[in-house]
Amino acid sequence: MKLLNLDHVAIAVHDLDRAIADYGRRYGVSPMHREVVEDQGVEEAMLPVGGSFVQLIAALRPDTPVGRFLARRGEGLHHIAYAVLDIVAALAHLEAEGARLVDEVPRIGGRGTRIAFVHPKGGNQTLVELVEYSL
Ligand code: CO
């Protein structure tokens, strides 16, 4: 297991346009990429900061994981994402280490990446996402 990079920190927001505008005014960053990811029920905007991103995510519908998160806890930090070279090997390693996997096999994420989530329970109460970029 080797983490290549802190790929992004994801913040759940109610209103994506408004959050993007606020980030632009406050921090001088603007989206490099914006995409609806139906599989996850989100629209996401990637704001580059150094070699990493802030990912702003808004729910497409209330009955999605991020929609439920927003209803339960309001806006805030949702997950952190690490880039890995081989996501299948990383998941096998994490499973062997006793981590609880949300995704046992990778899914397609934004920007053509493969992603998988690791459950916060037993993982310092932090939802972790692994990201593998296509080479
Ligand atoms: Co993410």
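What you see is a predicted model; the values in this text were computed from it and never measured.

Reading the values: rules and limits
Residues numbered from 1 in each chain as written. Predicted model: local features only at pLDDT ≥ 70, side-chain atom pairs only at ≥ 80, totals over all residues. Heavy atoms only, no water. Donors = N, O, S within 2.8 Å, 3.2 Å for Na, K, Ca; no water. Tetrahedral: all angles 85-135°; square planar, octahedral: opposite > 155°, others 65-115°. Helix = DSSP H or I, 4+ residues; strand = E, 2+ residues; numbered from the N terminus. Buried < 20%, exposed > 50% of the residue type's maximum accessible area, 1.4 Å probe, protein only. Contact = heavy atoms within 4.5 Å. 1 Å grid on protein atoms, 1.4 Å probe; cavity = no way out; pocket = protein on both sides within 12 Å on 5 of 7 lines; lining within 4 Å. Points joined across faces, edges and corners; volume = space filled by probe spheres on them. Nonpolar A, V, L, I, M, F, W, Y, C, P; charged D, E, K, R; others polar. Pairing = 2+ DSSP bridges. Axes fitted to C-alpha atoms, helices over the stretch in contact; angles between N-to-C directions. Salt bridge = Lys/Arg side-chain N within 4 Å of Asp/Glu carboxyl O.

A. The coordination of the cobalt ion, seen in detail. On the protein side, the cobalt ion has His8 (NE2), Gln55 (OE1), His79 (NE2) and Glu129 (OE) as donor atoms, found 2.1 to 2.3 Å from it. Here the cobalt ion binds 4 donor atoms, and the angle range of 82 to 172 degrees at the metal identifies the geometry as irregular. We note that the donor set of the cobalt ion lies within a single chain, spaced as H-x46-Q-x23-H-x49-E. Of the two residues, histidine 8 is situated in strand S1 (residues 3–12) and glutamate 129 in strand S8 (residues 128–132); the sequence distance between them amounts to 121 residues. Per residue, the accessibility class of histidine 8 equals that of glutamate 129, and both read buried.

B. Highlighting the side chain of histidine 78. By secondary structure assignment, the location of histidine 78 is in strand S5 (residues 76–84). Residue classification places histidine 78 among the buried positions, given a relative accessible area of 14%. With near-sequence residues (within four places) excluded, histidine 78 lies in contact with Ala10, Ile11, Ala12, Ile57, Val66, Phe69 and Leu127.

C. Up close: the layout of surface pockets. Roughly 630 Å³ of internal volume is contained in the largest pocket. In this structure, the largest pocket is lined by 32 residues; those nearest its centre are Pro65, His78, His79, Phe117 and Leu127. Here the lining of the largest pocket gets 6 residues from one element, more than from any other, and that element is helix H2 (residues 65–73). Along the lines of polarity and charge, the residues of the lining of the largest pocket split into 12 nonpolar, 11 polar and 9 charged. Forming the walls of the second largest pocket are 16 residues, and the residues nearest its centre are Leu94, Val118, Gly123, Asn124 and Val128. If you list the elements that add at least two residues to the lining of the second largest pocket, you get S5 and S8. When its residues are assigned to classes, the lining of the second largest pocket shows 9 nonpolar, 5 polar and 2 charged.

D. Seen up close, the sheet that holds strand S3 (residues 42–49). What the 8 strands build is an open sheet, ordered S2-S3-S4-S1-S5-S8-S7-S6; its pairing is mixed. Each of the sheet's edge strands pairs with one partner strand only, and the pair in question is strand S2 (33–37) and strand S6 (107–108). In this sheet, strand S4 (residues 52–59) lies alongside S3 in antiparallel orientation, the contact comprising 8 bridges. For valine 49, the partnering residue across the bridge sits in S4 and is serine 52. Running over the sheet, H2 touches S1, S3, S4 and S5 and is turned about 85 degrees from S4. Strands in contact with helix H3 (residues 87–96) are S5, strand S7 (114–118) and S8; relative to S7, the strand with the most contacts, it is inclined by about 15 degrees.

E. The arrangement of the pairing of S5 in detail. Two strands pair when backbone bridges link them, and S1 and S5 are joined in this way by 8 bridges, in the antiparallel orientation. Paired with alanine 12 across the bridge in S5 is glycine 76. The pairing of S5 with S8 spans 4 bridges and is classified as parallel. What sits directly across from alanine 83, in S8, is valine 131.

F. Representation of the pattern of salt bridges. As enumerated under the stated definition, the model contains 9 salt bridges in all. Arginine 34 is paired through a salt bridge with glutamate 43; the nearest N and O atoms lie 2.8 Å apart. Looking at glutamate 43, the relative accessible area reads 22%, which means it is partly exposed. The network of salt bridges with shared partners includes Asp17, Arg34 and Glu43.

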